[in-house]
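Structural overview for review
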Amino acid sequence: MKKGLVIIGAGGHGKVAADVGKAMNHWEKIFFVDDDQSIRECSGFKVIGGSNAIDDYLSDFDFFVAIGSNVIRERIQSKLEHQGASVISLIHPQAVIGSNVTIERGTVIMAGVVINNSSSIGKGCIVNTASSIDHDNVIEEYTHLSPGVHLAGTVKIGKGAWLGIGCVVSNNINICSGSKIGAGAVVLRDINESGTYVGVPAKRLQTDS
């Protein structure tokens, strides 16, 4: 850990990420970077400039990308990694992390999350408030689990998937990369074709055909 943390993205997700960083109590200073010049502060933390300011902080600060879009988050984090930046994960102290769990860098674990034994979370993921991930899950990189998502045991979620608020995935299910699962949906069968899935049980929207 370095002396300060720079959070990229001063929006709603950034506010929550800053709260997680503050709760971790690892950094003397927390700053934001955002290309919207009208934003001077976010959640009480100073915005130090746009993306052009990043180079000035590469040596002494850790970085976290707080962008909700999976695609944009991957692009920015990949660029930071190429620049040699220290990209860190944020894990709220009130999250419960089981044994043999791996969490890659650039991932945020929000308050109230439970991740059980032998699950792995790829880099750049969002595991949002009060979500639960049971044993032996594999969450691939740049996936977003919205608040209140619940995954049973031995679930695999492909890269860049987005699971809407309150959706539920039964055990031994695979969801392919790039899929979108609507709010409150219940996934009972493997999803092998990317698209948007809604309902109970979850079915693919015809407009995605």
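Everything that follows concerns the structure shown earlier in this document.
Residues numbered from 1 in each chain as written. Predicted model: local features only at pLDDT ≥ 70, side-chain atom pairs only at ≥ 80, totals over all residues. Heavy atoms only, no water.

**Some points on the packing of aromatic side chains**
Using the criterion set out here, one finds four aromatic pairs in the structure. Aromatic side chains Phe31 and Tyr57 sit 6.4 Å apart centroid to centroid with 70° between the ring planes, which places their arrangement in the edge-to-face category. Of this pair, Phe31 sits in strand E2 (residues 29-33) while Tyr57 sits in the loop between strand E4 (45-46) and strand E5 (61-65), and the two are 26 residues apart along the sequence. With a centroid separation of 5.1 Å and 80° between ring planes, the pair formed by Tyr57 and Phe61 is classed as edge-to-face. Look at Tyr57 and you get partly exposed, because its relative accessible area is 21%. (Phe/Tyr/Trp six-rings, centres within 6.5 Å; stacked < 30°, edge-to-face > 60°. Helix = DSSP H or I, 4+ residues; strand = E, 2+ residues; numbered from the N terminus. Buried < 20%, exposed > 50% of the residue type's maximum accessible area, 1.4 Å probe, protein only.)

**Side note on the sheet that holds strand E12 (residues 120-121)**
Across the sheet, which stays open at both edges, the five strands sit in the order E9-E12-E15-E18-E21 with parallel pairing between neighbours. Two strands in the sheet have a free side with no partner beyond their single neighbour: strand E9 (102-103) and strand E21 (174-175). The pairing of strand E15 (residues 138-139) with strand E18 (residues 156-157) spans two bridges and is classified as parallel. From the neighbouring strand, Val138 faces E18, where its bridge partner is Lys156. (Pairing = 2+ DSSP bridges.)

**Some remarks on helix H1 (residues 12-24)**
With 13 residues, H1 should cover 18 Å at 1.5 Å per step; its first-to-last C-alpha distance of 19 Å lies within 8% of that length. All of the buried residues in H1 are His13, Gly14, Ala17, Ala18, Val20, Gly21 and Met24. Buried residues of H1, viewed axially, fall in a sector of 160°; they line one side. Residues of H1 that are exposed and angled more than 90 degrees away from the buried face: Gly12 and Lys22. In the segment just after H1, Asn25 is the residue with positive phi, at about 60°. (Expected span 1.5 Å × (residues − 1). Arc of directions from axis to C-beta.)

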